[in-house]
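As a plain string of letters, each chain reads:
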Amino acid sequence: RGSRYVIHRVMPIATARCTLPRSDPTNVSFSILTPAKSFMVKAPDPTSRGRWLKQIEATARFACQTSGVNFEAPPHLAQIWTPDGDVKHCEVCSEAFNTLLR
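Quick summary incoming for the structure in this document.

### Examining the nonpolar core
Moving on, step 1. Counting six residues, the largest nonpolar core consists of Ala16, Phe30, Ile32, Val41, Leu53 and Ile56.
Moving on, step 2. Sorting the residues of this core by element identifies strand S2 (29-33) and helix H1 (46-67) as the ones contributing at least two each.
Moving on, step 3. If we ignore the near neighbours within four places in the chain, the residues touching Phe30 are Cys18, Thr19, Leu20, Pro21, Phe39, Met40, Val41, Arg49, Trp52, Leu53 and Ile56.

This is how it looks when you write it as structure tokens:
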């Protein structure tokens, strides 16, 4: 009753890929990367994370098969946003940040 969902952006599952973080002592987080936007996800527990990762990958592989996209050669994927204070160079091209470049 009264619940609504607002869709901000649709990201085709065929272009989505999942990765595990470099460090996660709780074993519950992972990243979903797409060409348009990438973000971190936290599952309630490690078992759920494993199930979610397995299902997302299986669905992405199926979408690739049905649309003719090569799952093993994904398109350029957006980086997860990192706060300014945490990085000194571009994570894509490695160029150092300065007053005009971020």
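### Regarding the sheet that holds strand S3 (residues 38-42)
Moving on, step 1. Taken together, three strands build an open sheet; the order of strands is S1-S2-S3 and the sheet is antiparallel. Of all strands in the sheet, those bounded by a partner on one side alone are strand S1 (17-19) and S3. Neighbour to neighbour, the strand axes of the sheet diverge by 30° on average, direction disregarded.
Moving on, step 2. Here three bridges tie S1 to S2, and the two strands are oriented antiparallel to one another. Following the sheet pairing, Cys18 is matched in S2 by Ile32.
Moving on, step 3. Across the sheet, H1 touches S1, S2 and S3, and the angle it forms with S2 is around 15°.

About the cut-offs
Residues numbered from 1 in each chain as written. Predicted model: local features only at pLDDT ≥ 70, side-chain atom pairs only at ≥ 80, totals over all residues. Heavy atoms only, no water. Core = buried A, V, L, I, M, F, W, Y, C linked by side-chain atoms within 4.5 Å. Buried < 20%, exposed > 50% of the residue type's maximum accessible area, 1.4 Å probe, protein only. Helix = DSSP H or I, 4+ residues; strand = E, 2+ residues; numbered from the N terminus. Contact = heavy atoms within 4.5 Å. Pairing = 2+ DSSP bridges. Axes fitted to C-alpha atoms, helices over the stretch in contact; angles between N-to-C directions.

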